[in-house]
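Listed below are the residues making up each chain.
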Amino acid sequence: MSTDPSKQVKLGYVSGLVPREKAMAFERILFRATRGNVFLRQAVVEDPVVDPASGEKVEKNVFVVFYSGERAKNKILKICDAFSANRYPFTDDLAKQYQMITEVSGKLSELKTTIDVGQLHRGNLLQTIGQQFECWNLLVKKEKSIYHTLNMLSIDVTRKCLVAEGWCPLFATNQIKDAMQQATLDSNSQVGAIFQVLHTEESPPTYFPTNKFTYAFQEIVDAYGVAKYQEVNPGVYTIITFPFLFAVMFGDWGHGICLLLATLYFIVREKKLSSQKLGDIMEMTFGGRYVILMMAIFSIYTGLIYNEFFSVPFELFGPSAYECRDPSCRDASTVGLIKMHATYPFGVDPKWHGTRSELPFLNSLKMKMSILLGVAQMNLGIVLSYYNAKFFGNNLNVWYQFVPQIIFLNSLFGYLSLLIIVKWCTGSKADLYHVMIYMFLGPTDDLGENQLFIGQKFLQIVLLLLALVAVPWMLFPKPFILKKQHKERHQGQSYTPLHSVDDSPELESHHDSHGHEEFEFSEVFVHQLIHTIEFVLGAVSNTASYLRLWALSLAHSELSSVFYEKVLLLAWGFNNVIILIVGIIVFICATVGVLLVMETLSAFLHALRLHWVEFQNKFYEGDGYKFYPFSLALLSEEEE
């Protein structure tokens, strides 16, 4: 069609960007406001665009609206403002359009070149800094730690020097003096450093030198509380007692070998692994690798005693002492076996496994063994309290704490341990429950068939009287003796002779620290009462607490037996390769997941509880504080 050029209408247009979520509403409003007399085209902008108003990146659409007439233009401009659409002017002249496109393209290429050069420069700079960053960071930390330590020093204005007071181990005294002399020479200082030992009433920090083997055991003790200065360190005994008590609950030499292999992997590769960043659980396991090593070795030992290899018994140390009554062995699980040979030389006889009397026999054995181990460890704790008191010169604690405690514990549970050993040696059928209960309810009653040795009744009465005497012995004398000592110490000490002017501050502080210390008899008595009640009740509850050794050992053994019989043997009985493979996979997963991970953690926590509560509360105060030396080497280790 040909039209008259004079009648042609010139169209105007508006272009810009509108937020994408408002695009549909924007189009609808434009159509309604102009009654469809506009032509709108939109296109999606792929990357988010920075909004000039808010400065945030927003997803937008680019639009162009063609219209005719000024009224339509005014409506479109108002709608654009209402919808926060950013308008951008674009000229009608084609020559100017090309010029504008050329200018914008030039600016874009310049900006791209600038950005590329900047990124390249930044990359080179960061690479250069990255090589030196660790060194700079460590250097700044060292400088900061040095100045932080110098800020703790006091300034002597008259002598124009710094005075530092601190603690150091005795063996390091000469090393410190040599280092200070060397520093004086290196710095060309005219005045040398002076090292002088001060005498103070303040309690020093506690420092136990450890190596990579003993470190984890010491951390187990320190998690409960840091030892008071020169107090007995339970960490020495923990090296043996902790893995042993763990192994009593975890006794299976098959599982022990698995633990041993796992921890040997950590030990063999410890240099490589120590420099790597491990996960939280792996790092914890790696830190306690030597604890796990000892636990594994002791588990193999107790597993050989229990004669369990993944719950399967072996005749490792000779033939069994028992045989079936008939060749077919049909009555082995009903009637029982008869003893034909010498006693099995080491550990539990393999024939006990699978018989009808296995559980009663092992229950009796492990329960009595738990009590023996518990009483032995508690006695060790009380004996260590004697060495503590003797070292600190506290004779009151020796005579009015150690002696009655050792008498009370052994009058009851030491006697029970003696009965267990006698019963094992003689093969008696005496009921120990009955003996112990009626020792209190009827001490003068005849023991009858429960008598294990001659004079048992008289011994029980004597031990019961000793236990009854030990309670007031613990409770009453110590507070009254302390009160008497306090009065004697402070009679006629209101004034102190003054020898010289130089001694006066020291004497004054000495007088303040000793002459005015308060003594509250009621507080001392209540504290002693609480301590006595805690020990008397604790002697019973702590002994019962050691029965967890029996309970967890039984649980571990039964779980192992269930996995072996109900998973592995059951899969084997189907004579199907696929079922057998599935059964083996399930058995391995159950063994690793339940017995080697969960049971290990459970036994570890129970052994930890026995050491912290049952053992350490007999002698360990744990109210000291650690010695943290100033060391630049430690800073680099912390950085790693």
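Cut-offs and rules
Residues numbered from 1 in each chain as written. Predicted model: local features only at pLDDT ≥ 70, side-chain atom pairs only at ≥ 80, totals over all residues. Heavy atoms only, no water. Helix = DSSP H or I, 4+ residues; strand = E, 2+ residues; numbered from the N terminus. Rg over C-alpha atoms; globule rule 2.2 N^0.38 Å. Buried < 20%, exposed > 50% of the residue type's maximum accessible area, 1.4 Å probe, protein only. Contact = heavy atoms within 4.5 Å. Lys, Arg positive; Asp, Glu negative; His and termini not counted. Charge placed at Lys NZ, Arg CZ, Asp CG, Glu CD. Phe/Tyr/Trp six-rings, centres within 6.5 Å; stacked < 30°, edge-to-face > 60°. Domains from an automatic or database assignment. Axes fitted to C-alpha atoms, helices over the stretch in contact; angles between N-to-C directions. Parallel < 35°, antiparallel > 145°, perpendicular 65-115°, else oblique. Left-handed = near helix turned anticlockwise from the far one by under 90°. Nonpolar A, V, L, I, M, F, W, Y, C, P; charged D, E, K, R; others polar. pLDDT = per-residue confidence, 0-100. UniProt positions renumbered as here; feature names shortened; annotations may be inferred. Pairing = 2+ DSSP bridges. Arc of directions from axis to C-beta. Polar contact = N/O pair within 3.5 Å; in protein donor to acceptor, adjacent residues only side chain to side chain. Patch = residues over 30% accessible without salt bridge, like charges linked within 9 Å, V, L, I, M, F, W, Y side chains within 5 Å. Areas by Shrake-Rupley, 256 points an atom, 1.4 Å probe, with all protein chains shown as cover. Salt bridge = Lys/Arg side-chain N within 4 Å of Asp/Glu carboxyl O.

**Considerations on the overall build of the protein chain**
And then number 1: Looking only at helices and strands, the protein chain features 20 helices and ten strands.
And then number 2: For a compact globule of 640 residues, the expected C-alpha radius of gyration is about 26 Å, and the protein chain comes in at 42 Å, more than 25% above that figure.
And then number 3: With respect to the three principal axes, the spread of C-alpha positions in the protein chain is 140 × 100 × 50 Å.
And then number 4: The buried share among the 640 residues of the protein chain stands at 33%.
And then number 5: Put simply, of all contacts in the protein chain between residues at least 6 apart along the chain, 73% involve residues at least 24 apart.
And then number 6: Taken together, the 53 basic and 62 acidic charged side chains of the protein chain have centroids lying 10 Å from each other.

**Structural notes on the packing of aromatic side chains**
And then number 1: Counted under the stated rule, the structure contains 32 aromatic pairs.
And then number 2: Centre to centre, the rings of F26 and F83 are 5.6 Å apart; their planes meet at 70 degrees, and the pair counts as edge-to-face. One end of the pair, F26, is in helix α1 (residues 23-34); the other, F83, is in the loop between α2 (70-82) and β6 (86-87), with 57 residues separating them in the sequence. In this structure, F26 and F83 share a single accessibility class: buried.
And then number 3: Plain terms: the ring middles of F244 and F298 are 6.0 Å apart, the flat faces sit at 75 degrees to each other, and that makes the pair edge-to-face. A residue pair is termed long-range when its members are at least 10 positions apart, and F244 in helix α6 (residues 235-249) and F298 in helix α10 (residues 289-306) qualify at 54 residues.

**Remarks on the domain arrangement of the protein chain**
And then number 1: Per the domain assignment, the segments making up the protein chain are domain 1 (12-90), domain 2 (109-187) and domain 3 (364-489 + 521-620).
And then number 2: Here domain 1 and domain 3 have C-alpha centroids that lie 85 Å from each other.

**Points about the packing of α1 against α2**
And then number 1: Taken N-terminus to C-terminus, the directions of α1 and α2 make an angle of 155 degrees; their axes are 10 Å apart at the nearest point. Here α1 is positioned roughly antiparallel relative to α2, judged by the angle of their axes. Seen along the crossing, α1 lies across α2 with a hand that is right-handed. Note on element contacts: α2 touches α1 through K75, I76, I79 and C80, opposite F26, I29, L30 and A33.
And then number 2: Its residues assigned to classes, the contact of α1 with α2 comprises seven nonpolar, no polar and one charged.

**Some points on the confidence of the model for the protein chain**
Caution applies to low-pLDDT parts of the model: their predicted coordinates are not meant to be read in detail.
And then number 1: Confidence in the prediction for the protein chain averages 88 pLDDT; 92% of positions are at 70 or higher.
And then number 2: Under a pLDDT of 50 for its full length, residues 500-516 has, in the predicted model, 13 contacts with residues more than four places off or in other chains.

**A short note on the UniProt feature "transmembrane region" (unreviewed entry) in the protein chain**
And then number 1: Here, the residues flagged by UniProt with the feature "transmembrane region" (unreviewed entry) are residues 244-268, 289-306, 369-387, 399-422, 458-476 and 577-598.
And then number 2: Measuring from the first to the last C-alpha atom of residues 369-387 gives 27 Å, for a span that is 100% helix and 0% strand.
And then number 3: For the annotated span residues 399-422, helix accounts for 100% and strand for 0% of the residues, and the straight-line distance between the end C-alpha atoms is 31 Å.

**So, the pairing of strand β1 (residues 12-19)**
And then number 1: Burial within β1 is extensive, with six of its eight residues counted as buried.
And then number 2: In the sheet, β1 pairs with β6 via two bridges, with the strands oriented antiparallel. In the sheet register, L17 faces β6, and the bridge partner there is N86.

**Topic: helix α13 (residues 432-441)**
And then number 1: What α13 keeps buried is the set L432, V435, M436 and M439. Seen end-on, α13 carries its buried residues on one side only, within an arc spanning 90 degrees. Turned more than 90 degrees off the buried face of α13, the exposed positions are Y433 and L441.
And then number 2: At its buried positions, α13 is contacted by α11 (358-391), α12 (395-426) and α14 (456-475).
And then number 3: The distance from a side-chain oxygen at the start of α13 to the backbone nitrogen of Y433 is 3.2 Å, and the residue carrying that oxygen is D431.

**Quick notes on a nonpolar patch on the surface**
And then number 1: Taken together, the side chains of I146, Y147, L150, I155, V157, L162, F630 and L632 make up a nonpolar region of the molecular surface, amounting to roughly 790 Å² of accessible area.
And then number 2: When residues of the nonpolar patch are assigned to their parent elements, the largest contribution, three residues, is made by helix α3 (residues 94-151).
And then number 3: Relative to the elements of secondary structure, L162 occurs in strand β8 (residues 161-163).
And then number 4: Residue L162 is classed as partly exposed on the basis of its relative accessible area, which comes to 47%.

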